[in-house]
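# Architecture at a glance
Listed below are the residues making up each chain.
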Amino acid sequence: MQRPQDQRSRSTATRATIHGYAQSGNLLGLQRLLREIPSLLNERNAVMGQTPLHVSAGYNKNEIVKFLLDWEGVEKVELEAKNMYGETPLHMAAKNGCNEAARLLLAHGAIIEARANNGMTPLHLAVWYSIRSDDCSTVETLLEYNADGSAQDEEGKTPLNHLSKGPGSEKLCELLHRHLEEQRKRRALEACSETKAKMEELESALSSIVGLHDLKIQLQKWAKGMLLDERRRALGLQVGLRRPPHMAFLGNPGTGKTMVARVLGRLLHMVGILPTDRVTEVQRTDLVGEFVGHTGPKTRRKIKEAEGGILFVDEAYRLIPMQKADDKDYGIEALEEIMSVMDSGKVVVIFAGYCEPMKRVIASNEGFCRRVTKFFHFSDFNPQDLSKILHLKMNQQTENSVLYGFKLHSSCSVEVIAGLIERETTEKQRREMNGGLVDPMLVNARENLDLRLSFDCIDTDELRTITLEDLEAGLSLLTQLDS
């Protein structure tokens, strides 16, 4: 019977042997040993903490590397195992110029941008080897697999930065420069494709907004500029970061101010200007407290909630009292809290409200116009606009909508419904309701459909089709209530 000390000695000898076989390229010996003790597949050696794959890759023992990579036992070889310096087997192949081993590892999916403890990638180490040996083959292999020539180590150096200007480095320098240029072009093409997709997404979102021609043009300008900055950076150009402006949306209720704010949130997030697409909608009651010392914390909580996105202050004029002598009103304190964070870049603020009352807000703080640099006027919708909105709503119903599953009769064209709205509503009614007229009109129309249908009706098309008669009845009920 063996003593424990003999067993430890045998175990130590075995571990040394598996790495010895990997270093010498003794494939038969390694195969025999692994079949006897499969757990040695990823065994670490005592000094460097290296696996047999590290050793065979670093000595270019390609038969051993291939055998280990193709091992079909229960345990699989650790392709990304790290030694005491944080180096993977691919690092070992690169630092020793073992080109064929590097190819085998890359073909099996080795991570080409793996980082050692000093931040170096396999390309950094391959460049070091090439400087010493005047052999660029491993560098060429890594570049063929699209290694990042601009990757920086912990000292901020790229592989090219490690090259001296001495004799013999010209070929390597030219090789890296050419690859960097090709990589920039390739990234620019990828960025171009992504840019087009993002612009198409924006155009799709804008198509759901009726009217607001000037605002749409401004959104398109911002989007294009921000996306072009993405491409500039992809080409290696250093350009300043854009900071989205704070805005004021001026117009009557129902003109689409809140919807445009949500589209803007998606746009600014899409192009990387804002971390989130969140739009936090607040009114006076969400910001203003009822006693001294309550408003500040309450407003700050809402600002914190909106960070990384848009703070949409609806009916912002309600923060400013009608009479300047009203010193009991805490709305001004809430406005000052908002103004205090507008230079931080943490949140985009949009103030919304009627045109005339919003003049009180603009005049209340001398820094308002310095911080709020974009003013957009939301015009009232005409009958044609309202008809387009109605069609859009019917085509975009969600499952939780009362109108889900219903459709308009083919006779209900945009022109016909526009004529109906113009006949049955006054300009005052349209100005006061704007887009807010459409939803109740459609709900009333559906109720009229239910009223005129018989329980005996089995025509599935008739059961779900809203006609011009239904729309007229729905609109008539709405305007009667308003009169």
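If you're wondering where the values come from, they're calculated on a predicted model, not measured in any experiment.

Turning to the overall build of the protein chain, a few remarks are in order. For the protein chain, the count of helices and strands is 22 helices and seven strands. For the protein chain, whose C-alpha radius of gyration is 35 Å, the value lies well above the compact-globule estimate of 23 Å for 483 residues. Counting only C-alpha atoms, the protein chain reaches 105 × 65 × 55 Å along its principal axes. Evaluated residue by residue, the protein chain yields a buried proportion of 46% over its 483 residues. Long-range contacts, defined here as pairs at least 24 residues apart, represent 72% of the contacts in the protein chain between residues at least 6 apart. Accessible surface, the protein chain: about 25,600 Å² in total, of which carbon and sulfur atoms supply 50%. Here the protein chain contributes 62 positively and 68 negatively charged side chains, and the mean placements of these two sets differ by 6 Å.

Here we take up the packing of helix α6 (residues 99-107) against helix α8 (residues 137-144). Packing of α6 against α8 brings their axes to within 9 Å, and their N-to-C directions diverge by 15°. By the angle between their directions, the pair α6 and α8 is classed as roughly parallel. The two elements α6 and α8 cross, and the hand of that crossing is right-handed. Touching N99, A102, R103 and L106 of α6 are S137, T138, T141, L142 and E144, all from α8. Each residue belonging to the contact of α6 with α8 can be placed in one class, and the counts come to three nonpolar, four polar and two charged.

The subject of this paragraph is the confidence of the model for the protein chain. For the protein chain, per-residue confidence averages 86 on the pLDDT scale, and residues scoring 70 or more make up 92% of the total. Looking across the protein chain, the model is least confident in helix α1 (residues 4-24), with a mean pLDDT of 63, and most confident in helix α3 (residues 52-58), with 97.

Here the focus is the UniProt feature "repeat: ANK" (unreviewed entry) in the protein chain. The sites that carry the UniProt feature "repeat: ANK" (unreviewed entry) are, in the present numbering, residues 48-70, 85-117 and 118-154. Secondary structure content for residues 48-70 is 65% helix and 0% strand, and the end C-alpha separation is 24 Å. Across residues 118-154, the secondary structure splits into 54% helix and 0% strand, with the terminal C-alpha atoms separated by 6 Å.

Our next topic: the pairing of strand β1 (residues 246-251). For a regular strand, side chains alternate in direction, first toward one face of the sheet and then toward the other. Of all six residues in β1, six are buried, a share of seventy percent or more. Alternating residues of β1 divide into H246, A248 and L250 and M247, F249 and G251, and every residue in both groups is buried. The pairing of β1 with strand β5 (residues 372-378) spans six bridges and is parallel. Of the residues in β5, the one forming a bridge with M247 is K374. Sheet topology places β1 next to strand β4 (residues 348-353); four bridges connect them, and they run parallel. In the strand pairing of β4, L250 is matched with G353.

Turning our attention to the pattern of salt bridges. For the structure shown, the criterion picks out 18 salt bridges. Here R262 makes a salt bridge to E281, at a shortest N to O gap of 2.8 Å. Within this pair, whereas R262 is found in helix α11 (residues 257-270), its partner E281 is found in strand β2 (residues 279-282), the two being separated by 19 residues in sequence. With relative accessibility at 43%, the residue R262 sits in the partly exposed group.

It is worth spelling out the packing of helix α2 (residues 27-36) against helix α4 (residues 62-69) at this point. Where α2 contacts α4, the two axes come as close as 10 Å, and the packing angle between them is 25°. In terms of their interaxial angle, α2 and α4 are classed as roughly parallel. Seen along the crossing, α2 lies across α4 with a hand that is right-handed. Contacts from L27, L30, Q31, L34 and R35 in α2 reach E63, I64, F67 and L68 in α4. Classifying every residue of the contact of α2 with α4 by side-chain character gives six nonpolar, one polar and two charged.

Looking at the protein chain, the domain boundaries give domain 1 (18-162), domain 2 (244-378) and domain 3 (383-481). Relative to domain 3, the C-alpha centre of domain 2 lies at a distance of 34 Å. Each partner contributes to the interface: domain 2 provides four residues, whereas domain 3 provides six residues. Both sides of the domain 2 and domain 3 interface together cover about 270 Å² of buried area, and 40% of this is carbon and sulfur. Interface area lost by domain 2 to domain 3 is led by N252, P253 and G254, which between them contribute 88%. Our count for the domain 2 to domain 3 interface comes out at zero salt bridges. There are two residue pairs in polar contact (both at pLDDT 80 or more) connecting domain 2 and domain 3.

Looking now at α6. Residues N99, A101, A102, L105 and L106 constitute the buried set of α6. For α6, the angular spread of the buried residues around the axis is 160°, confining them to a single face. Buried residues along α6 sit against α3, α4, α5 (89-95) and α8. G109 sits one or two positions beyond α6 and adopts a positive phi of about 95°.

This part takes up the state of the cysteines. Under the counting rule described, the total for this entry stands at zero disulfides. Free of any disulfide, C457 has its nearest neighbouring cysteine sulfur in C412, separated by 17 Å. Judged by its relative accessible area of 17%, C457 falls in the buried class.

The next thing to look at is the side chain of T88. Along the chain, T88 falls in the loop between α4 and α5. In this view, T88 contacts H54, E80, A81, K82 and A114; residues no more than four positions away in its chain are not counted.

Calculation notes
- Residues numbered from 1 in each chain as written.
- Predicted model: local features only at pLDDT ≥ 70, side-chain atom pairs only at ≥ 80, totals over all residues.
- Heavy atoms only, no water.
- Helix = DSSP H or I, 4+ residues; strand = E, 2+ residues; numbered from the N terminus.
- Rg over C-alpha atoms; globule rule 2.2 N^0.38 Å.
- Buried < 20%, exposed > 50% of the residue type's maximum accessible area, 1.4 Å probe, protein only.
- Contact = heavy atoms within 4.5 Å.
- Areas by Shrake-Rupley, 256 points an atom, 1.4 Å probe, with all protein chains shown as cover.
- Lys, Arg positive; Asp, Glu negative; His and termini not counted.
- Charge placed at Lys NZ, Arg CZ, Asp CG, Glu CD.
- Axes fitted to C-alpha atoms, helices over the stretch in contact; angles between N-to-C directions.
- Parallel < 35°, antiparallel > 145°, perpendicular 65-115°, else oblique.
- Left-handed = near helix turned anticlockwise from the far one by under 90°.
- Nonpolar A, V, L, I, M, F, W, Y, C, P; charged D, E, K, R; others polar.
- pLDDT = per-residue confidence, 0-100.
- UniProt positions renumbered as here; feature names shortened; annotations may be inferred.
- Pairing = 2+ DSSP bridges.
- Salt bridge = Lys/Arg side-chain N within 4 Å of Asp/Glu carboxyl O.
- Domains from an automatic or database assignment.
- Buried area = accessible area lost by both parts, 1.4 Å probe.
- Polar contact = N/O pair within 3.5 Å; in protein donor to acceptor, adjacent residues only side chain to side chain.
- Arc of directions from axis to C-beta.
- Disulfide = S-S within 2.5 Å.

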